[in-house]
Amino acid sequence: QVQLVESGGGLVQAGGSLRLSCAASGQTFSNYAMGWFRQAPGKEREFVAAISMSGGTTRYADAVKGRFTISRDNAKKTVYLQMDSLKPEDTAVYYCAANLGFLVVTGNAYDYWGQGTQVTVSS
């Protein structure tokens, strides 16, 4: 079992920045690829970013490429999502997820999920 707790969400103006954190507890964190997903009201959950077990490989959705950066600190059992140049369309609940093994971008492949943190970007 892995427990995930997100933090760092909030209200920010367009063009601003936020840094989300996801703290993990339970099994060996470094055995898990980690991902960030988001879900806006009335929309399906979508992939945002993912990072491999070692942190050496990352993937991003086209909508956030060049603005968001995913990173991890295996010693702290934490994954981060640095969000810059935020846009109103980034408004959503952001979830982190853990997948035992390789990096994947499909949400259904992830084994564990956090409770989510709200990000609201005002225009």
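Before any of the text, the structure's been laid out above.
Residues numbered from 1 in each chain as written. Predicted model: local features only at pLDDT ≥ 70, side-chain atom pairs only at ≥ 80, totals over all residues. Heavy atoms only, no water.

Draft legend 1. Highlighting the overall build of the protein chain. Per the secondary structure count, the protein chain includes zero helices and 11 strands. When the helices and strands of the protein chain are placed in sequence order, the string is β-β-β-β-β-β-β-β-β-β-β. Taken over the C-alpha trace, the protein chain has a radius of gyration of 13 Å; the compact-globule value for 123 residues is 14 Å, and the two agree within 12%. Expressed as lengths along the three principal axes of its C-alpha atoms, the size of the protein chain is roughly 40 × 25 × 25 Å. Counting over 123 residues, the protein chain shows a buried share of 43%. (Helix = DSSP H or I, 4+ residues; strand = E, 2+ residues; numbered from the N terminus. Rg over C-alpha atoms; globule rule 2.2 N^0.38 Å. Buried < 20%, exposed > 50% of the residue type's maximum accessible area, 1.4 Å probe, protein only.)

Draft legend 2. Broad picture of the packing of aromatic side chains. Counting across every chain of the model gives five aromatic pairs. With a centroid separation of 5.7 Å and an interplanar angle of 70°, the aromatic rings of phenylalanine 37 and phenylalanine 47 are classed as edge-to-face. Of the two residues, phenylalanine 37 is situated in strand 4 (residues 32-39) and phenylalanine 47 in strand 5 (residues 46-51); the sequence distance between them amounts to 10 residues. The exposure classification of phenylalanine 37 matches that of phenylalanine 47, with both residues buried. Relative to tryptophan 113, the ring of phenylalanine 37 has its centre 5.0 Å away and its plane inclined at 55°; by these criteria the two rings are tilted. Remark: tryptophan 113 occurs in strand 10 (residues 112-113) and phenylalanine 37 occurs in strand 4; sequence separation between them is 76 residues. Note on phenylalanine 37: relative accessible area 1%, which makes it buried. We classify tryptophan 113 as partly exposed; its relative accessible area is 29%. One aromatic cluster is present, formed by Phe37, Phe47, Tyr110 and Trp113 through successive ring pairs. (Phe/Tyr/Trp six-rings, centres within 6.5 Å; stacked < 30°, edge-to-face > 60°.)

Draft legend 3. Layout of the environment of methionine 34. Considering the arrangement of structural elements, one finds methionine 34 in strand 4. Relative accessible area serves as the criterion here: at 0%, methionine 34 is assigned to the buried category. In the structure, methionine 34 is positioned 69 residues away from leucine 103 in sequence and 7.1 Å away in space, judged by C-alpha atoms. Sequence-distant contacts of methionine 34, that is, excluding residues within four places in its chain, are made with Leu4, Cys22, Phe29, Ala49, Ala50, Ile51, Ile70, Arg72, Val79, Ala97, Ala98 and Tyr110. (Contact = heavy atoms within 4.5 Å.)

Draft legend 4. Focus on the nonpolar core. One finds Met34, Trp36, Leu81, Met83 and Tyr94 to be the most contacted residues of the largest nonpolar core, which totals 34 residues. Those elements that provide at least two residues to this core are strand 1 (2-7), strand 3 (18-26), strand 4, strand 5, strand 7 (68-73), strand 8 (78-83), strand 9 (92-100) and strand 11 (117-122). When neighbours within four sequence positions are excluded, tyrosine 94 is seen to be in contact with Glu6, Leu20, Trp36, Phe37, Arg38, Val48, Phe68, Leu81, Met83, Gly116, Thr117 and Val119. (Core = buried A, V, L, I, M, F, W, Y, C linked by side-chain atoms within 4.5 Å.)

Draft legend 5. Quick peek at the pairing of strand 3. In the sheet, strand 1 pairs with strand 3 via six bridges, with the strands oriented antiparallel. Pairing of glutamine 3 across the sheet is with serine 25, part of strand 3. Bridging between strand 3 and strand 8 involves six bridges; their strand directions are antiparallel. Residue leucine 18 lies in a different strand from strand 8, and its bridge partner there is methionine 83. (Pairing = 2+ DSSP bridges.)

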